[in-house]
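These are the residues of each chain, in order.
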Amino acid sequence: MPFAPTRFGVETQHQPEDQHDQSEQRAKHDQSAHADHPFKTSCSLWIVDTILIGVAHTILSFVPQAQAIRRPRGEPRRLLLDAGRTLFARQDYRSTTTREIAAAAGVTEHLLFRHFGSKAALFREALVLPFTNFVDEFGRTWQSVIPEETDEQELTRLFVGQLYDVFVKHQGLLLTLMASEALSEEELADTGIADVRRALRVLGRISAEGMNLRGLRSDHPDLPAHSTVAMIAGMAALRSTYFGTKPPSREVIVDELIQAILHGFLHRND
């Protein structure tokens, strides 16, 4: 095939006119086909866009959502405590697992151990500390009491009302206390049940001091405190059994407990 000189001095292969005409005809045909079938072109673009969007969604699905969701500071701890209180109130301490607590709280089990270290420590903070803190606070109140200036009924109302609220909110503590004989010494120490017993001894001493102030004598001066706590705990734990879905108001229940504690059932203060 002959070569033709160019303006730059380089010979190029000469293309016959008929072959050149054929190339131009093919180009015109492609342009005409594109103009006659715009739907095919737009359809092809739509398919490409759909594929790209699908690929993007697939990539994003591998990004951990926990990185995108940041809870307020202290929120996981609060959720774990609330979940622990709920589950411990439904089943005993040993039957409740850390995995169940974490799932109920909507966090990972790793977070539970990071915040509390163990199930026993979570139980202690969720259920034991509210009770022992109440006893410590009431102990300080008792130390500041001046008998001649104190309304006995109001002091009793303070004690009964606050303890009743603690037991209603932390019924898992009552359930575990009833089954505490099955716990090992290590479990009793780790869960804080030993602290509950210490707090009950504090209430026993307050009971003995109160009887002494009134000139009462007893071979077991701590029993009034223990029977009082048992009465309040029983009312809190068995509300649904006693009253179903329509229990009396808190005020009515507290008033009844005060009457029973101060006046018994045969010598009420009418």
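Quick word on the overall build of the protein
1) Next: Tallying secondary structure elements over the protein gives 13 helices and 2 strands in all.
2) Next: Split by element, the accessible area of the protein, about 18,300 Å² in all, is 56% carbon and sulfur.

Section: the layout of surface pockets
Think of a ball as big as a water molecule: rolled over the atoms, this probe shows where empty space is left.
1) Next: Reported here for the largest pocket is a volume of approximately 890 Å³.
2) Next: Lining the largest pocket are 25 residues, and of these Glu-152, Thr-156, Gly-210, Arg-214 and Leu-262 sit closest to its centre.
3) Next: Contributing elements (two or more residues each) for the lining of the largest pocket: helix H6 (119-143), helix H7 (152-169), helix H10 (193-213), helix H11 (223-237) and helix H13 (250-263).
4) Next: Element by element, the count of residues in the lining of the largest pocket is highest for H10, at 6 residues.
5) Next: Of the residues contributing to the lining of the largest pocket, the split by class is 16 nonpolar, 7 polar and 2 charged.

Remarks on the packing of helix H3 (residues 75-90) against helix H4 (residues 98-105)
In a packed pair of helices, the relevant descriptors are the angle between the two axes and the axis-to-axis distance.
1) Next: Across the interface, H3 lies against H4 with an axial gap of 8 Å and an inter-helix angle of 120 degrees. The angle between the axes of H3 and H4 places the two elements in the oblique class. Read as a crossing pair, H3 and H4 show a hand that is right-handed. Two secondary-structure elements touch here, H3 through Leu-79, Leu-80, Ala-83, Gly-84, Leu-87 and Phe-88 and H4 through Glu-100, Ile-101, Ala-102, Ala-104 and Ala-105.
2) Next: Classifying every residue of the contact of H3 with H4 by side-chain character gives 9 nonpolar, 1 polar and 1 charged.

Some details on the nonpolar core
1) Next: In this structure, Phe-131, Phe-159 and Phe-167 are the most contacted members of the largest nonpolar core, which totals 52 residues.
2) Next: With 11 residues, the top contributor of residues to this core is H6.
3) Next: The contacts of Phe-167, once residues within four sequence positions are left out, are Phe-131, Leu-174, Val-229, Ile-232, Ala-233 and Ala-236.

Conventions adopted
Residues numbered from 1 in each chain as written. Predicted model: local features only at pLDDT ≥ 70, side-chain atom pairs only at ≥ 80, totals over all residues. Heavy atoms only, no water. Helix = DSSP H or I, 4+ residues; strand = E, 2+ residues; numbered from the N terminus. Areas by Shrake-Rupley, 256 points an atom, 1.4 Å probe, with all protein chains shown as cover. 1 Å grid on protein atoms, 1.4 Å probe; cavity = no way out; pocket = protein on both sides within 12 Å on 5 of 7 lines; lining within 4 Å. Points joined across faces, edges and corners; volume = space filled by probe spheres on them. Nonpolar A, V, L, I, M, F, W, Y, C, P; charged D, E, K, R; others polar. Axes fitted to C-alpha atoms, helices over the stretch in contact; angles between N-to-C directions. Parallel < 35°, antiparallel > 145°, perpendicular 65-115°, else oblique. Left-handed = near helix turned anticlockwise from the far one by under 90°. Contact = heavy atoms within 4.5 Å. Core = buried A, V, L, I, M, F, W, Y, C linked by side-chain atoms within 4.5 Å. Buried < 20%, exposed > 50% of the residue type's maximum accessible area, 1.4 Å probe, protein only.

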